[in-house]
Amino acid sequence: MGYAGSYIWSLRQRVGSRKLLVPGAQVLLLDGEGRGLFQQRVDTGVWELPAGSCEEDGDFADAAVRELLEETGLRVAREDLEAFASLSDPGLHTVTYPNGDVTHCFALCFVARRWSGMLAPGADEVRQARFLPLDAPPEPLHPPTAVVLSLFERFLTEGRFQAR
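Residues numbered from 1 in each chain as written. Predicted model: local features only at pLDDT ≥ 70, side-chain atom pairs only at ≥ 80, totals over all residues. Heavy atoms only, no water.

Another point: the sheet that holds strand β8 (residues 126-132). Working definition: the strands of a sheet are paired by backbone hydrogen bonds and lie parallel or antiparallel to each other. An order of β3-β2-β8 is seen for the 3 strands of this open sheet, with the pairing classed as antiparallel. Strands at the two margins of the open sheet, each flanked by one partner only, are β3 (47-48) and β8. Two elements, strand β2 (residues 36-41) and β3, share 2 bridges in a ladder whose sense is antiparallel. The residue of β3 that forms the bridge with Q40 is W47. (Pairing = 2+ DSSP bridges. Helix = DSSP H or I, 4+ residues; strand = E, 2+ residues; numbered from the N terminus.)

All right, on to unusual backbone geometry then. For the bond from E139 to P140, the omega torsion is -5°, close enough to zero to count as cis. By secondary structure assignment, the location of P140 is in the loop between β8 and α3 (143-158). Despite not being glycine, D57 shows a phi value in the positive range, around 65°. Mapped onto the fold, D57 is located in the loop between β4 (51-53) and α2 (60-72).

The values are spatial; any link to function lies outside them.
Pasting the structure below:
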């Protein structure tokens, strides 16, 4: 779908750049070597995980599946998504976009190890995408992404859902 016509876009038509509370999802997609898929944003140049907001009548898994496809061209099945953390800390996950729009994001973070398709970054949002070791992410890294990677590491070590 892209931004124009999305639920967030329709809200922005009413409230302008005012801070919105936005539920969404992030996907840590792992390849067979345990490397994660990172993508570089077109608007800011920072690297992050595929992510995006929920749409009306959708849930976190819907957002994860849709955003991964839109941003990378890769398909993941809902049953292949494993929730490992949530990120909602307003001091960390409040984002101001280049156009002045502000969002406080509430993200459910998923890991997926199976997918299909060919990597084809969505040119309107993603400059490039590549699989890289989780302990050597690309720079500049979006600060919330660094936290999600640490939450994933703790999830693997402790074996329980993480929240921040």
